[in-house]
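Survey of secondary and tertiary structure
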Amino acid sequence: MATVLFVMTGVDHWTLDDGSRHPTGYWAEEFAAPYTALKDAGHTIVVATPGGVVPTVDQGSLDPGMAGGEEAAAHLTQVLDGAGELRKPLVLADVDLSDYDAVYYPGGHGPMEDLSHDADSGALLTAALASGKPLAVVCHAPAALLATRDERGESPFTGYRVTGFTNDEENAVGLGAKAKWLLEDELGKLGVTFERGPDWQPYTVVDRTLHTGQNPASSAPLAQELLKALK
């Protein structure tokens, strides 16, 4: 069985263009769906965050209206409550990639705040890509790819096909006009080929060992892609 590293945001807010803080963290479904699929398959999960802080769930992701109903929200809460790995994360800077068979980054707006410029995360992503191990990133978590740029502004992800939370989806939740920058725009500047499906629908892209998902609904299909890669 494999050991999969979940790299998660360590913040509880996203700073908007006017300086205000939008409460956030990681998105529940984007943790819970892959966590459940991987655990059910017998794999081990280890969580790491910048500084080893306990990750904060975006409370909006547990709202029945966002989660898909009362039953779905209750299930998400049950998964998070039972996931002891969330309460004992490793310090990201101390992580040794050789200890893991795959790496997964859940989203939520949190990665826009910290992982987008976290040097330890950038180094890990660069090493993971070079290693040939499966690497999966969903929704807003592709913001972490921005931290892989070197002193010349070049990234090993340049030329890869990816997806992530789109400008249209950001505008639909009312945050597009308030953001300092938008994920789809910045990924384009990184030199990746950004692909997308219909808003809010599951959509994944696999390019070599890199697996990306567009939005929360893509996290379960992305987990299945990761499971196939682990076989």
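Analysis parameters
Residues numbered from 1 in each chain as written. Predicted model: local features only at pLDDT ≥ 70, side-chain atom pairs only at ≥ 80, totals over all residues. Heavy atoms only, no water. Helix = DSSP H or I, 4+ residues; strand = E, 2+ residues; numbered from the N terminus. Rg over C-alpha atoms; globule rule 2.2 N^0.38 Å. Buried < 20%, exposed > 50% of the residue type's maximum accessible area, 1.4 Å probe, protein only. Lys, Arg positive; Asp, Glu negative; His and termini not counted. Charge placed at Lys NZ, Arg CZ, Asp CG, Glu CD. Core = buried A, V, L, I, M, F, W, Y, C linked by side-chain atoms within 4.5 Å. Contact = heavy atoms within 4.5 Å. Salt bridge = Lys/Arg side-chain N within 4 Å of Asp/Glu carboxyl O. Pairing = 2+ DSSP bridges. Axes fitted to C-alpha atoms, helices over the stretch in contact; angles between N-to-C directions. Phe/Tyr/Trp six-rings, centres within 6.5 Å; stacked < 30°, edge-to-face > 60°. Lys NZ or Arg CZ within 6 Å of the ring centre and 35° of its normal. UniProt positions renumbered as here; feature names shortened; annotations may be inferred. Expected span 1.5 Å × (residues − 1).

1. Section: the overall build of the protein chain
- Helices and strands together make up the secondary structure of the protein chain, namely 8 helices and 11 strands.
- For 231 residues, the compact-globule estimate of 2.2 N^0.38 gives 17 Å, and the C-alpha radius of gyration of the protein chain, at 16 Å, lies within 12% of that figure.
- Projected onto its principal axes, the C-alpha positions of the protein chain cover 40 × 40 × 35 Å.
- Looking at the protein chain residue by residue over its 231 residues, the buried ones come to 55%.
- When the 15 basic and 33 acidic side-chain charges of the protein chain are each reduced to a single mean position, those positions are 4 Å apart.

2. Structural notes on the nonpolar core
- Counting residues in hydrophobic clusters, the biggest one holds 68 residues, and the most contacted among them are L5, F6, F31, V103, Y105, L124 and L187.
- Top contributing element to this core by residue count: helix 1 (residues 28-40), with 6 residues.
- Setting aside residues no more than four positions away along its own chain, L187 makes contact with P142, L145, L146, V162, V192 and F194.

3. Here we look at the pattern of salt bridges
- Within the structure shown, the criterion is met by 10 salt bridges.
- Across the pair R152 and E151 runs a salt bridge, and its minimum N-O distance is 3.7 Å. Taken individually, R152 and E151 each receive the classification exposed, so the pair is uniform in this respect.
- One salt bridge in this structure joins E154 and R152, with 3.4 Å as the shortest N-O distance.
- R152 sits in the exposed class, given a relative accessible area of 57%.
- Ionic contacts of the salt-bridge type, sharing partners, join the residues D150, E151, R152 and E154 into one network.

4. Observations regarding the sheet that holds strand 5 (residues 90-91)
- Taken together, 7 strands build an open sheet; the order of strands is 5-4-1-6-7-11-10 and the sheet is mixed. A strand with exactly one partner marks an edge of an open sheet, and here the two such strands are strand 5 and strand 10 (204-207).
- Bridging between strand 10 and strand 11 (residues 210-213) involves 4 bridges; their strand directions are antiparallel. Bridge pairing links V205 to T212 in strand 11.
- Against the sheet, helix 5 (residues 119-131) touches strand 1 (3-7), strand 6 (102-105) and strand 7 (135-138), its axis set at about 135° to strand 6.

5. Considerations on the pairing of strand 6
- Of the two faces of strand 6, both are covered, the one formed by A102 and Y104 as well as the one formed by V103 and Y105.
- Pairing of strand 1 with strand 6 involves 3 bridges; the strand directions are parallel. When the bridges of strand 6 are listed, L5 appears paired with V103.
- Here 3 bridges tie strand 6 to strand 7, and the two strands are oriented parallel to one another. From the neighbouring strand, V103 faces strand 7, where its bridge partner is L135.

6. As for the packing of aromatic side chains
- Here the structure, examined in full by the defined rule, presents 6 aromatic pairs.
- Taken together, the ring pairs connect F6, Y26, F31, Y35 and Y104 into an aromatic cluster.
- Above the ring of Y160, the side-chain terminus of R208 is found at 3.7 Å from the ring centroid.

7. Notes on the UniProt feature "domain: DJ-1/PfpI" (unreviewed entry) in the protein chain
- Mapped onto this numbering, the UniProt entry annotates "domain: DJ-1/PfpI" (unreviewed entry) at residues 29-228.
- Here residues 29-228 runs as 35% helix and 14% strand, with 20 Å between its end C-alpha atoms.

8. Observations concerning helix 3 (residues 70-82)
- Between the first and last C-alpha of helix 3 there are 18 Å, a value that for 13 residues agrees with the 18 Å anticipated at 1.5 Å per step.
- Check the buried side of helix 3 and you find it contacts helix 1 and helix 2 (64-67).

9. Description of the pairing of strand 10
- Burial along strand 10 is one-sided: V205 and D207 are buried, while T204 and V206, pointing the other way, are not.
- Taken together, strand 10 and the strand that follows it, strand 11, pair antiparallel across an intervening segment of 2 residues, in which R208 is found at a positive phi of about 55°.

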